[in-house]
Amino acid sequence: MTVNKGMKFKSTTIFLLCAAIACGVGVYWWTTSQDRPEEMTEQQELVKKLFQFNEDQVATLIVETPKLALVFERSQQSFPHTWRMKKPQDQPADEAAIAFLLNLLATTKSPRTLSVETSRQKEFGFDQSPGRIKVILENNQTHHLTLGGQDPTESYLYAQVDPRTDSSQTLQVVLVPTAFLNAINRPLAEWQVNPEPTPPSAPATPSVDPGPSIPLPPPQVPQ
């Protein structure tokens, strides 16, 4: 009995040891066959970002809304006159307005992408787009963003990133934050640098009133 118990104990121990080794090998194989977390995160970010350029790579920015058509070019000067408006007027542009829009373009990630038929453009508000944005990079690459209507939650806008110009039967529609509307729906004055106030001119010095003139006696002629 003692011998059988000892043999049974040894068999159980060996079985458990083999099972542990098998599990360890399986876990190691599964871990090495998967992407590293850093690589997965980077890949997911590449998929979700609207564009793969940085703000400082943009050389020309074009904004079109139902009310305005604006063209901005990066100047050779340093801050605070990094950008200059070329149309509809030629003058320095407001740096804050440009920076806000460029930051949205370069950092926004879409939570969802939809494939819809081209015939449904009106349904997503592209027939009356609230705005179109075009960027030209320093290497002459161009990118477009066409905005559409709001989604049912009113938290996002429908948009097309670099829409295809061929006769494709489907549209790739993404969701972007409504902040894009705030970024482009500005009056012309908010795209311009506020001119420095002209100092008030000094008041004219009042002339001194000499008062009523006193007639002088006529000169005496010697006799």
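Because the structure is predicted, anything quoted here is derived from the model rather than measured.

Break down the pattern of salt bridges for me, with residues and values.
Any two side chains of opposite charge can pair, given that their charged atoms come close. The final tally for this structure, using the stated rule, is four salt bridges. Note that Asp 90 and Arg 84 form a salt bridge whose closest N and O atoms lie 2.7 Å from each other. Owing to a relative accessible area of 47%, Asp 90 belongs among the partly exposed residues under this scheme. Among the residues examined, Arg 84 registers a relative accessible area of 32% and is labelled partly exposed. Between Asp 90 and Lys 86 there is a salt bridge; the shortest N-O distance is 3.7 Å.

Quick rundown of the sheet that holds strand β7 (residues 142–150)? Include the residues and the values.
The strand order across the open sheet formed by nine strands is β4-β3-β2-β1-β6-β7-β8-β9-β5, and the pairing between neighbours is antiparallel. Each having just a single partner strand, β4 (91–92) and β5 (113–117) make up the two edges of the open sheet. In this sheet, strand β8 (residues 156–161) lies alongside β7 in antiparallel orientation, the contact comprising four bridges. Its bridge partner lying in β8, Thr 146 is registered against Gln 160. Set on the sheet, helix α3 (residues 95–107) makes contact with β1 (58–64), β2 (69–74), β3 (83–87), β6 (132–137) and β7; between it and β1 the angle comes to about 95°.

How would you summarise unusual backbone geometry if you had to cite specific residues and measurements?
Residue Pro 88 is bonded to the preceding Lys 87 through a cis peptide linkage, with omega at 5°. Of note, Pro 88 is situated in the loop between β3 and β4. Even without being a glycine, Glu 154 presents a positive backbone phi close to 60°. You can see Glu 154 is positioned in the loop between β7 and β8. Not every positive phi belongs to a glycine, and Asp 162 is a case in point at roughly 45°. Considering the arrangement of structural elements, one finds Asp 162 in the loop between β8 and β9 (170–177).

How would you sum up the environment of Val 176? Please name residues and give values.
Looking at the secondary structure, you find Val 176 in strand β9. For Val 176, a relative accessible area of 0% puts it in the buried group. As a C-alpha pair, Val 176 and Leu 157 span 19 residues in sequence and 5.2 Å in three-dimensional space. Apart from residues lying up to four places away in sequence, Val 176 is in contact with Leu 50, Leu 147, Tyr 156, Leu 157 and Ala 159.

Tell me what's going on with the environment of Gln 160, and back it up with residues and numbers.
On the secondary structure map, Gln 160 appears in strand β8. For Gln 160, a relative accessible area of 8% corresponds to the buried category. In this structure the C-alpha to C-alpha distance between Gln 160 and Val 176, which are 16 residues apart in sequence, comes to 9.5 Å. In contact with Gln 160, not counting residues within four places along its chain, are Gln 121, Phe 126, His 144, Leu 145, Thr 146, Leu 171 and Gln 172.

Cut-off values and rules
- Residues numbered from 1 in each chain as written.
- Predicted model: local features only at pLDDT ≥ 70, side-chain atom pairs only at ≥ 80, totals over all residues.
- Heavy atoms only, no water.
- Salt bridge = Lys/Arg side-chain N within 4 Å of Asp/Glu carboxyl O.
- Buried < 20%, exposed > 50% of the residue type's maximum accessible area, 1.4 Å probe, protein only.
- Pairing = 2+ DSSP bridges.
- Helix = DSSP H or I, 4+ residues; strand = E, 2+ residues; numbered from the N terminus.
- Contact = heavy atoms within 4.5 Å.
- Axes fitted to C-alpha atoms, helices over the stretch in contact; angles between N-to-C directions.

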